[in-house]
Amino acid sequence: MIPPPHGGRLVQRIARPAERDRRKAEFPSLPKLHPFIDQVFDAEKISIGAYSPLEGFMDRATFESVLATRRLPNGLPWTIPILFAPSAPEDQAVVRELRGGEDVALVDRDNRFFAVFHVTEKFAYDKANYAQKTFLTTDPAHPNVADLFAAGDSALGGSVELLDRLDLPVGRFEMTPAETRSHFEKQGWKSVAAYQCRNPPHTAHEYLQRCTLDREDVDALFIHPVVGRLKKGDYKPEVILAAYQALVDHYYPKNRILLSSLTVTMRYAGPNAALFYAIVRKNYGCGMYIVGRDQAGVGKYYDPYACHRIFDELPIDIVPLRYPETFFCRECGWMATPKTCNHPATSRVSTAQTLIREKLAKKEPLPTEILRPEVAQILQEGGEVIND
Ligand SMILES: [Zn+2]
């Protein structure tokens, strides 16, 4: 069965045309805020229901409940704060004046009024506690912790109403949870497994996807790469989607795959992020969720299998499909795991993205054991990574 959204109801806060026009006409008189790109993405994802049951940015009670208990005040598991703490210098005077009870215009980087924010509360928050409870570290070298320390000191809670969908580089791949649910239904898929990723596919990814599709209790695979704000060394969203499209076109049965993008900023929070991204995919209609080794990890901050255990600690009514480390073994001549292969680690071909990127940078051929030629070609032609 396609599971109900987290909390039972799909949040949809997209203004109808008449309401949208009325709101746009109010623009000159509304206070204006210019969210950091992460919160632009979050505002859109809240409005389309990807973060159901959230209707807006968290108020103090919700934020503190998530940090203290990893649950919303109503008891539903939730592990990542969705906070709005404006940091733009031009916003500080506006934030100082807000008391709660105001409607504010959210303006994107192209100066487009894209959402109305109904502010209910302004509150101070403890950044170190936020970092420690969420990212399990306060190290400013952690990318999300660095962002958090650069955020404003006052957070604003309240509901959001979307006026316009965002204009995104891979916009044609973006879908709303209502759209994917309707697609699954039309296809007759009752059991869809979600695949979380943030890089072009190599054969270890493909191995997990094939093992999953071969299960008798899985009808289809929802490949849903996170392609939000880029950091140094990331592939461009267009490249990640083109690489996946090539894999789907050349190798996969199209009637069992849906490829879509999830434009949000990646949270590297190990187990907490794995659970959060599973909740999001449940909202998109997936009843199963693939969790490999060290999902949503960065550096050495997380136990690589804590992302498996959190699904026992905080059940969210999605079946986690937990896989061990996978690699290509030269002696087996096949994809393998520590459970299926006894050869020494020296027989393994690394699928580390750093190795692939190094070879790309030096214009060396990419290892065919770990990359499909169609994917390798896309990376060689357009796979330059972001360098600033
Ligand atoms: Zn082997």
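Residues numbered from 1 in each chain as written. Predicted model: local features only at pLDDT ≥ 70, side-chain atom pairs only at ≥ 80, totals over all residues. Heavy atoms only, no water.

(A) Region of interest: the sheet that holds strand β13 (residues 348–349). With respect to topology, three strands assemble into an open sheet ordered β12-β11-β13, the strand pairing being antiparallel. Looking at strand neighbours, the two that pair on one side only are β12 (334–336) and β13, the edges of this open sheet. Sheet topology places strand β11 (residues 327–329) next to β12; three bridges connect them, and they run antiparallel. Among the inter-strand pairings, phenylalanine 327 is bridged to a residue of β12, identified as alanine 336. (Pairing = 2+ DSSP bridges. Helix = DSSP H or I, 4+ residues; strand = E, 2+ residues; numbered from the N terminus.)

(B) Just the sheet that holds strand β7 (residues 220–225), in detail. Strand order in the open sheet formed by five strands is β8-β7-β6-β9-β10, with parallel pairing between adjacent strands. Unpaired on one side and paired on the other, β8 (257–259) and β10 (319–322) mark the two borders of the sheet. Pairwise comparison of adjacent strand axes, ignoring direction, gives a mean angle of 25° for this sheet. Sitting on the sheet, helix α10 (residues 271–283) is in contact with β6 (192–197), β7 and β9 (288–291), with an inclination near 150° to β9. (Axes fitted to C-alpha atoms, helices over the stretch in contact; angles between N-to-C directions. Contact = heavy atoms within 4.5 Å.)

(C) Here's a closer look at the coordination of the zinc ion. Within the protein, the zinc ion binds to Cys329 (SG), Cys332 (SG), Cys341 (SG) and His343 (ND1); these donor distances fall in the range 2.2 to 2.3 Å. For the zinc ion, the four donor atoms are set out with angles of 98 to 119° between them, so the coordination reads as tetrahedral. With relative accessibility at 0%, the residue cysteine 329 sits in the buried group. (Donors = N, O, S within 2.8 Å, 3.2 Å for Na, K, Ca; no water. Tetrahedral: all angles 85-135°; square planar, octahedral: opposite > 155°, others 65-115°. Buried < 20%, exposed > 50% of the residue type's maximum accessible area, 1.4 Å probe, protein only.)

(D) The arrangement of unusual backbone geometry in detail. A cis geometry characterises the amide bond from serine 52 onward to proline 53, with omega recorded as 10°. One can find proline 53 in the loop between α2 (37–47) and β2 (56–57). In this structure, arginine 70 is a non-glycine residue whose phi angle is positive, near 60°. You can see arginine 70 is positioned in the loop between α3 (60–69) and α4 (92–97). Residue classification places arginine 70 among the partly exposed residues on the basis of a relative accessible area of 28%. Here the phi dihedral of leucine 136 falls at roughly 65°; this positive angle occurs in a residue that is not glycine. If you trace the backbone, leucine 136 turns up in the loop between α5 (127–135) and α6 (143–150).

(E) Summary view of the domain arrangement of the chain. For the chain, the assigned domains are domain 1 (17–162) and domain 2 (171–382). Between domain 1 and domain 2, the residue contacts involve 29 residues of the former and 32 residues of the latter. Of the roughly 2,500 Å² buried between domain 1 and domain 2 on both sides combined, carbon and sulfur atoms contribute 60%. In this structure, the connection of domain 1 to domain 2 is made through five salt bridges. Note that arginine 267 and aspartate 42 form a salt bridge whose closest N and O atoms lie 2.7 Å from each other. (Domains from an automatic or database assignment. Buried area = accessible area lost by both parts, 1.4 Å probe. Salt bridge = Lys/Arg side-chain N within 4 Å of Asp/Glu carboxyl O.)

(F) Spatial organisation of the environment of valine 226. When you line up the elements, valine 226 lands in the loop between β7 and α9 (237–251). Between the alpha carbons of valine 226 and lysine 359 there is a distance of 24 Å; along the sequence they are 133 residues apart. Apart from the residues lying within four places of it in its own chain, the contact partners of valine 226 are Gln196, Cys197, Arg198, Leu262, Val264, Met266, Tyr277 and Arg281.

(G) Just the packing of α5 against α6, in detail. Following both chains from N to C, one finds α5 and α6 inclined at 160°, their axes separated by 10 Å at the closest point. Classified by the angle their axes make, α5 and α6 are roughly antiparallel. α6 is crossed by α5, and the crossing has right-handed handedness. Taking contact as the criterion, the partners of Lys127, Ala128, Tyr130, Ala131 and Phe135 in α5 are, on α6, Asn144, Val145, Leu148 and Phe149. Residue composition of the contact of α5 with α6, grouped by class: seven nonpolar, one polar and one charged. (Parallel < 35°, antiparallel > 145°, perpendicular 65-115°, else oblique. Left-handed = near helix turned anticlockwise from the far one by under 90°. Nonpolar A, V, L, I, M, F, W, Y, C, P; charged D, E, K, R; others polar.)

(H) Looking closely at α2. Counting buried positions over the eleven residues of α2 gives eleven, a clear majority of the element. Looking at α2, one finds that the buried residues are Ile37, Asp38, Gln39, Val40, Phe41, Asp42, Ala43, Glu44, Lys45, Ile46 and Ser47. Elements in contact with the buried residues of α2: β2, β3 (103–107), β4 (113–124), α6 and β5 (154–162). Just beyond α2, the residue with positive phi is glycine 49, at close to 95°.

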